[in-house]
Amino acid sequence: MSGDVDRLVVMEAIDKSFPGVQALESARFDLRAGEAHALVGENGAGKSTLMKILAGVYTKDAGKILYKGQEVNLPNPRSAQQHGISIIHQELNLMPHLTVAQNIFIGREPRQVLPILLDDKAINAQTRELLAQLHIELDPRTKVSDLTVAKQQMVEIAKALSFNAEVLIMDEPTAALTDAEIEELFRIIRDLRNDGVGIVYISHRLEELFQISDRVTVMRDGRTIDTVRIQDVTIDQIISMMVGRTIYEVTPEIPEGNSQEVALEVRHLNRGRALRDISFQLKKGEIVGFAGLMGAGRTEVARAIFGADPIDSGEIYIGGKRVNIHHPSDAVRHGIGYLSEDRKRYGLTLDMDVETNIVLAAFRRFLNWLGLVNKGKVRRISRDLVETLAIKTPSLQQKVKNLSGGNQQKLVIAKWLTADTDILIFDEPTRGIDVGAKSEIYRLLNDLAQEGKAIIMISSELPEILRMSHRIVVMCEGRITGELTSAEATQERIMQYATQRTAVTSGD
Amino acid sequence: MDVSIAPKKASTRSVLRSDATRKFLAFGALIVLLVYFSLASPHFMTFNNVVGILLQTSVNGVLALGVTFVIITGGIDLSIGTVMTFSSVMSAIFCINWGLPVWLGVLGGMGAGALAGFINGTIISRMKVPPFITTLGIMYIAKGLSLVLSELRPIYFNAAPGFREIAMGSVIEKIIPGAEIPNAVLIMFGAAIFAGFLLNRTILGRYTLALGSNEEATRLSGVNVNFWKTMVYTVCGFFAGIGGVLMAARLNSAQPALGQGYELDAIAAVVIGGTSLSGGEGTIMGTIIGAFVMSVLVNGLRIMSIEQEWQIVITGGILILAVYMDVIRRRA
């Protein structure tokens, strides 16, 4: 094994757990000099965690890392950089108020005779040289906040390489780039590869892998499934490795929605780069699942409909009538409820009790003519809801923070039911909830749909989407890339749409 | 049709957002005030009054210079007013109670300020107590210690005759007879040049900006964030120390009951000067201009015989207006 000189990096049996999650379980990975190695997997498969361990951002719980045949210890980013391992994070890590050169040399500025003095001339000159090597046209003195995202990415690459990086890890580098910018990025990657740099490329865009990578490693549930040469596989094979067994695929539990009445229609919704030409319909009594990878724009759709983010253009119809929603209060008035993915932050006031939380969104209805709270009514309605939804709480006066995740989620549902909502948007309704509570939430969603509520369910768990939805809308990068009926849908087909980067539609 | 509009819009936008505009806003306000008061009163643009304004600005200006660094990192320092007083009292104790030479008293006063800043910075960066709370606490501590050490009484510098000269003597008059500009003014401009040098030419300044721009990225770049944050608060305290020495020299005494409220004037000057409270940007020139805007305003209103109570009201209005202009600029 140690005789394997061309292997720049070997990671073996890496374990890593975070509170409540086993993020990596005996994961392995290897990288050769001069190769572009793609790392793929579903959300939460452990790709970023594994690479953050290699870059010294996280420390491993167990396992070993060999670098050029030697076992190494990488306790912090600095030590990884000194070994020549650099990472470009998904969220760019630049200081927008500083210039390109200042960003590249932050933390290791060349000093003048007096060691507290800066030498901006030197860093500008060195940066200019570095950028020239990479064939990037950029003035080192430009402020980073004045650059496009693509150019900022180039600055990150230049910064990584200025450490004489031999291993360069890129976490979803193309997520925010246009096609032309991606071409530029690929050119740089190819140049680096030819210079012998080992490149790890984490991406959700499978078709890209075939343009740029030599080998691909697939991860699932914190484990490494396989590493293969790219010419030996097809996209479909990669997808089936990513989603794995299909034992979760049960037929939808819900009887087909029989209503044809459209509750909500969205036409040509646009918001910057986040949402592009979103159009869909939602019928009464229907559950529509929104699938897609992280950052596909599903939550953004929900927030736009709910009036939480301003839209650039587009129309929203409720019950056939065009409505203007500028603010969440407009949405509530039109009978829309949004159950945020982060219920602790947006959905509940944790320090208040159960009954107060239940009535909070419809407080006005509980006031008497003097403007005082009608406590009897509050209690009656809360008690009813706690019973119907089977919320387990010792009393109505219990503080919400003391309830379990599942019961908190039910409480959010109770809250929106008192507000008389007809359209409910659930964003990751079962995140952080144990299996038993999950099935109760599923049952609740079914009941609500049967009562005629129209439901959008955003979920990153494909089995959940397949199990619950009448129809499935798949998004990728702010666009709807596919729509499937529950009969047509499979994990593979959803993944196909979710990784499909459609050509930019012409004209605005 | 759209084509002709789009780029034009983009260019007004970039002009509005540029640093030059930000500097111009405060500078423009200062010019407007100067012109307005000159026209409104013949007593405004006189040599004596201008020197009065400069002297009036000196202490607030020096305090504002220091807190500019802290605000650029995205922090705040509420303790500089009473730390200034603490520094005056320490100077007095060194010079009068201990009988040390004046220059040692001056250094001791500045050192006391720097020490207070160092304590602020250590608590904030190592113990992770929010800046607002930490410096609020140090504000009280410095105030209390000043009262304890001085035994509630002003300490006069009559026994150290050189001390008053630090602020009120005039080196310039010795060179140009008749130009009686007190040293305090020179010290303020000297401190401003020093602060500009620190911010723009040294590692400390670079990390000050980097911390305010993106602290996490700065940390990931291997910068010792805790150390540099502590240094930033130390610098701020050091400037408060200079302010304390100036104040004591101007009054020829250390006044232990003074000081509270000075921190807010200094922060107001920084903000008027275009430094963003959310961190990442700010200039020394802006701060100095901001400090002048405040003292010109007070002086001009007084000359126009507007009661002091109303001067305070107007100052508050100008502060909000200044920040609102900056908000508009950013939104553009």
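Parameters and conventions
Residues numbered from 1 in each chain as written. Chains lettered and ligands numbered in written order. Predicted model: local features only at pLDDT ≥ 70, side-chain atom pairs only at ≥ 80, totals over all residues. Helix = DSSP H or I, 4+ residues; strand = E, 2+ residues; numbered from the N terminus. Rg over C-alpha atoms; globule rule 2.2 N^0.38 Å. Contact = placed C-beta atoms within 7 Å. Buried ≥ 20, exposed ≤ 12 C-beta atoms within 10 Å, placed from the backbone. Domains from an automatic or database assignment. Pairing = 2+ DSSP bridges. Axes fitted to C-alpha atoms, helices over the stretch in contact; angles between N-to-C directions. Nonpolar A, V, L, I, M, F, W, Y, C, P; charged D, E, K, R; others polar. Parallel < 35°, antiparallel > 145°, perpendicular 65-115°, else oblique. pLDDT = per-residue confidence, 0-100.

Draft legend 1. Examining the overall build of chain A more closely. In terms of helices and strands, chain A carries 17 helices and 20 strands. Its C-alpha atoms give chain A a radius of gyration of 26 Å, within 12% of the compact-globule value 23 Å for 508 residues. For chain A, the spread of C-alpha atoms along the principal axes amounts to about 80 × 50 × 50 Å. Residue pairs at least 24 apart in sequence account for 68% of intrachain contacts in chain A once pairs closer than 6 positions are excluded.

Draft legend 2. Quick look at the overall build of chain B. Scanning chain B for helices and strands turns up 15 helices and two strands. The C-alpha atoms of chain B give 21 Å as radius of gyration, which agrees with the globular expectation for 332 residues (20 Å, within 12%). Expressed along its principal axes, the backbone C-alpha trace of chain B runs to roughly 80 × 55 × 40 Å. Within the span of chain B, comprising 332 residues, buried residues form 50% of the whole. A sequence separation of at least 24 residues applies to 77% of the contacts in chain B between residues at least 6 apart.

Draft legend 3. Geometry of the domain arrangement of chain A. In terms of domains, chain A is made up of domain 1 (7-46 + 58-223) and domain 2 (262-498). Each of domain 1 of chain A and domain 2 of chain A was reduced to a C-alpha centroid, and the two centroids are 38 Å apart.

Draft legend 4. Structural detail: the sheet that holds strand E13 (residues 287-292) of chain A. All names here are of chain A. In spatial order, the strands read E16-E17-E18-E13-E19-E20; together these six strands make up an open sheet with mixed pairing. Looking at the sheet topology across the chains shown, the edges are occupied by strand E16 (336-339) and strand E20 (479-485). Across the sheet, the mean angle separating the axes of adjacent strands is 20° when strand polarity is ignored.

Draft legend 5. Summary view of the pairing of strand E10 (residues 223-229) of chain A. Residues and elements named next belong to chain A. Bridging between strand E9 (residues 215-220) and E10 involves six bridges; their strand directions are antiparallel. If you follow Thr217 over to E10, its bridge partner there is Thr227. Here E9 hands over to E10 after two residues, with Asp221 in that stretch at a positive phi of 50°.

Draft legend 6. Broad picture of the interface of chain B and chain A. In this assembly, 17 residues from chain B lie in contact with 15 residues from chain A. At six residues, the largest contribution of residues to the side of chain B that touches chain A is made by helix H10 (residues 203-213) of chain B. Broken down by class, the residue content of the side of chain B that touches chain A amounts to seven nonpolar, seven polar and three charged.

Draft legend 7. Quick look at the packing of helix H4 (residues 80-97) of chain B against helix H13 (residues 262-272) of chain B. Residue and element names in this part refer to chain B. Direction vectors running N to C along H4 and H13 enclose 125°, while the axes themselves pass 6 Å from each other. With respect to H13, the axis of H4 lies oblique. For the pair H4 and H13, contact is made by Ile80, Gly81 and Met84 and by Tyr262, Glu263 and Ala266, respectively.

Draft legend 8. Focus on the confidence of the model for chain A. Residues and elements named next belong to chain A. On average, chain A scores 85 in pLDDT, and the residues at 70 or more come to 92%. Contacts for the low-pLDDT stretch residues 246-252, under 50 throughout, to residues beyond four places or in other chains number ten contacts. When the criterion is pLDDT under 50, residues 503-508 qualifies, and its contacts beyond four places in sequence or with other chains add up to two contacts.

Draft legend 9. Here's a closer look at unusual backbone geometry. A positive phi is found at Ser26 of chain A, a non-glycine position, where the angle reads about 50°. Tracing the backbone shows Ser26 of chain A in strand E2 (residues 21-32).

Draft legend 10. The arrangement of the environment of Thr99 of chain A in detail. Residues and elements named next belong to chain A. Examined against the element boundaries, Thr99 turns out to sit in the loop between strand E6 (85-88) and helix H3 (100-104). Residue Thr99 is classed as buried on the basis of its 22 C-beta neighbours within 10 Å. C-alpha of Thr99 to C-alpha of Ile199: the two residues are 100 residues apart in sequence and 26 Å apart in space. Excluding anything up to four places from it in sequence, Thr99 contacts Pro140, Arg141, Thr142, Lys143 and Val144.

Draft legend 11. Local environment of the environment of Ser439 of chain A. Mapping Ser439 of chain A onto the fold places it in helix H15 (residues 435-450). Under the C-beta neighbour-count criterion, Ser439 of chain A is labelled partly exposed, with 15 such atoms within 10 Å.

Draft legend 12. The arrangement of the sheet that holds strand E7 (residues 167-171) of chain A in detail. Residues and elements named next belong to chain A. The strand order E6-E7-E8-E3-E9-E10 describes an open sheet built from six strands, whose pairing is mixed. Each edge of the open sheet carries a strand with a single partner, namely E6 and E10. For this sheet, the mean inter-axis angle between neighbouring strands, taken without regard to orientation, is 20°. Sheet topology note: the E6/E7 ladder contains four bridges and is parallel. If you follow Ile88 over to E7, its bridge partner there is Met170. Sheet strands in contact with helix H8 (residues 235-243) are strand E3 (36-41), E9 and E10, and its direction is about 30° off that of E9.

Draft legend 13. Local environment of helix H9 (residues 298-305) of chain A. In terms of burial, H9 of chain A is a largely internal element, eight of the eight residues being buried. Count one or two residues on from H9 of chain A and you reach Gly307 of chain A, which has phi positive near 80°.

Draft legend 14. Fine view of the environment of Lys143 of chain A. Residues and elements named next belong to chain A. Among the secondary structure elements, Lys143 is positioned in the loop between helix H4 (120-133) and helix H5 (149-161). For the pair Lys143 and Ala101, spaced 42 residues apart in the sequence, the C-alpha separation amounts to 9.0 Å. Residues within four places of Lys143 in sequence aside, it is in contact with His97 and Thr99.

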